[in-house]
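Working through the structure, step by step
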Amino acid sequence: MSDTDTATPPVLSATRRITGVALASVSGVAVAVQSRINGELGVRLADGFAAAVISFGVGLVVLLVLVPATPGGRRGLVAVRAALAAGTLRPWQCLGGVCGAFLVATQGLTIGTLGVAVFTVAVVAGQTGSSLAVDRAGIGPTGRQPVTRQRLASAVLTVLAVGLAVGDRFGDPGTLALALLPLLAGVGIAWQQAVNGRVRAAADSALTATLVNFSVGTIALLVAFAVDAAVRGWPIGHLPTEPWLYLGGPIGIVFIAIAAAVVRFTGVLLLGLATIAGQIVGAVLLDLVLPTAASHPSLNTLLGAALTMVAVLIAALGPPTRR
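Model, not experiment: these values are computed from the prediction.

Moving on, we come to helix H5 (residues 96–137). Counted at 1.5 Å a residue, the expected span for H5 with its 42 residues is 62 Å, but the 16 Å between its end C-alpha atoms falls short. At Gly 115, H5 shows its largest kink, close to 115°. Most of H5 sits inside the fold, with 32 of its 42 residues counted as buried. Gly 138, located one to two residues past H5, shows a positive phi value of around 75°.

The structure is reproduced here in structure tokens:
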């Protein structure tokens, strides 16, 4: 057996993990803002799929201009093609955008009724458990990560925290049924973050990985929108004139790029927990500062947000991730 086979894998520094956690938390706040924007766009258009196509489409246009214009982006495209040809990157690892597309579609379909906070707790419930499974399976660029008692406790504490934050909203069976969509979207987020991290590693460019994500997601949404239009007809709403309603795609670029860049430092679970913390804080602030008819912030919401931050801190201070 070679020395390479028996050598202990290098340990990632605490500084990089903490920096990754901070960036992921900021991206989580951005996701909460994106959720509010796409939810409002879905209400204006009276069609969540149309809102998702617009959001992803705007992001794709920005990336199609930005990636070829940067040397790193051009090198990344060449590297991705080479990795696919060599088999070091599998085609299925480029499909993370499908999960992102589903998340954006659920934003437009459900937030008008659920509100950002309830939407977020449903996403969190799916994302946390899925992150543990994805890390254990070794799908992400950090390889297999053990499900330690500390990591499991952090995940359970996060779910309990967000349940406390919005538990008073789950008395309505209709809300529970509608929350199933973002729950499933949350399950997909962990897998998306893992495979996007693989694409980023192959391309050596987070921007290129983001372009792959948006390209795949836009195609998936166009197919879904075509089927929806054939069944229900074209959207009855009109395109709004407010520019801020079209910022969901660019915000998504920031989120996907950060996740693809830092997942190799944090692992999927810690990345997911930090993102969740940002989402909870962002959702609470949005529901407090810019309330809607579906927003009902309370003391429990604030306590749940604080408990979520504690859960992320527990995971962040655990044993260093091995690459």
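From this point, the narrative continues.
Further remarks concern the packing of helix H4 (residues 71–86) against helix H8 (residues 180–203). For the pair H4 and H8, the least separation of the axes is 8 Å and the interaxial angle reads 105°. Our classification of the angle between H4 and H8 gives roughly perpendicular. On H8, the residues that touch Gly 76, Ala 79, Val 80 and Ala 83 of H4 are Val 199, Ala 202 and Ala 203. When grouped by side-chain class, the residues that make up the contact of H4 with H8 number six nonpolar, one polar and no charged.

Quick look at empty space enclosed by the protein now. To find leftover empty space, a probe the size of one water molecule is rolled over the atoms. For the structure shown, the criterion picks out four cavities of 30 Å³ or more. The space that makes up the largest cavity amounts to roughly 100 Å³. Along its surface, the largest cavity is lined by 14 residues, and Gln 34, Phe 56, Val 104, Gly 252 and Ile 256 are the ones closest to its centre. Elements that contribute at least two residues to the lining of the largest cavity include exactly helix H3 (48–69), H5, helix H9 (206–232) and helix H10 (248–289). The class makeup of the residues in the lining of the largest cavity is six nonpolar, eight polar and no charged.

Glancing now at the nonpolar core. Ranked by size, the top nonpolar core spans 22 residues in total, and within it Phe 56, Leu 63, Phe 214 and Leu 221 carry the most contacts. Sorting the residues of this core by element identifies helix H2 (14–45), H3, H5, H9 and H10 as the ones contributing at least two each. Counting residues per element, this core draws most heavily on H3, at eight residues. Not counting residues up to four positions away in its chain, the partners in contact with Leu 63 are Pro 68, Leu 207, Thr 210, Leu 211, Phe 214 and Ile 253. The next biggest cluster of nonpolar side chains, apart from the first, holds 13 residues, and it includes Val 21, Ala 194, Ile 258 and Leu 270.

A surface patch of nonpolar side chains, amounting to about 750 Å² of accessible area, comprises Leu 164, Leu 285, Leu 288, Val 289, Leu 290, Leu 299, Leu 302 and Leu 303. Mapped onto the nonpolar patch, the elements with two or more residues apiece are H10 and helix H11 (299–316). By relative accessible area, Leu 302 is classed as partly exposed at 43%.

Of note, Gln 193 is situated in helix H8. On the basis of relative accessible area, Gln 193 is assigned to the buried category, the value being 3%. Non-local contacts of Gln 193, meaning those with residues more than four positions away in its chain, are made with Gln 127, Phe 255, Ala 259, Val 263, Val 268, Leu 271, Gly 272 and Thr 275.

All chains considered together, the criterion is met by five salt bridges. The partner of Glu 242 in a salt bridge is Arg 44, and the shortest N-O contact between them spans 3.1 Å. Of this pair, Glu 242 sits in the loop between H9 and H10 while Arg 44 sits in helix H2, and the two are 198 residues apart along the sequence. For Arg 232, the salt bridge is made with Asp 228, and the minimal N-O distance between the two is 2.9 Å. Residue Arg 232 and its partner Asp 228 are located together in helix H9, separated by four residues, close to a single helical turn. Here the salt bridges share partners, and the residues they tie into one network are Glu 40, Arg 44 and Glu 242.

Let us look at the packing of H2 against H10. Packing of H2 against H10 brings their axes to within 3 Å, and their N-to-C directions diverge by 45°. The angle between H2 and H10 places the two elements in the oblique class. Partitioned by chemical class, the residues of the contact of H2 with H10 number 19 nonpolar, 13 polar and four charged.

Taken over all residues, the pLDDT of the chain has a mean of 80, while the share at 70 or more is 84%. No element of the chain has a lower mean pLDDT than helix H1 (residues 3–6), at 43, and none a higher one than H4, at 93. In the model, residues 1–10 has pLDDT below 50 throughout and makes seven contacts with residues more than four positions away in sequence or in other chains.

One non-glycine residue, Ala 46, lies in positive phi territory at about 60°. Along the chain, Ala 46 falls in the loop between H2 and H3. A positive phi angle is found at Asp 204, which is not glycine, with a value near 55°. Structurally, Asp 204 is set in the loop between H8 and H9. Taking the relative accessible area as the measure of exposure, Asp 204 reaches 60% and is therefore exposed.

So, on to the environment of Leu 222. Its place among the elements puts Leu 222 in helix H9. A relative accessible area of 44% means that Leu 222 is categorised as partly exposed. Here the alpha-carbon distance between Leu 222 and Ala 101, two residues 121 residues apart in the chain, equals 9.9 Å.

Parameters and conventions
- Residues numbered from 1 in each chain as written.
- Predicted model: local features only at pLDDT ≥ 70, side-chain atom pairs only at ≥ 80, totals over all residues.
- Heavy atoms only, no water.
- Helix = DSSP H or I, 4+ residues; strand = E, 2+ residues; numbered from the N terminus.
- Expected span 1.5 Å × (residues − 1).
- Bend = angle between axes of the 7 residues up to and from the residue.
- Buried < 20%, exposed > 50% of the residue type's maximum accessible area, 1.4 Å probe, protein only.
- Axes fitted to C-alpha atoms, helices over the stretch in contact; angles between N-to-C directions.
- Parallel < 35°, antiparallel > 145°, perpendicular 65-115°, else oblique.
- Contact = heavy atoms within 4.5 Å.
- Nonpolar A, V, L, I, M, F, W, Y, C, P; charged D, E, K, R; others polar.
- 1 Å grid on protein atoms, 1.4 Å probe; cavity = no way out; pocket = protein on both sides within 12 Å on 5 of 7 lines; lining within 4 Å.
- Points joined across faces, edges and corners; volume = space filled by probe spheres on them.
- Core = buried A, V, L, I, M, F, W, Y, C linked by side-chain atoms within 4.5 Å.
- Patch = residues over 30% accessible without salt bridge, like charges linked within 9 Å, V, L, I, M, F, W, Y side chains within 5 Å.
- Areas by Shrake-Rupley, 256 points an atom, 1.4 Å probe, with all protein chains shown as cover.
- Salt bridge = Lys/Arg side-chain N within 4 Å of Asp/Glu carboxyl O.
- pLDDT = per-residue confidence, 0-100.

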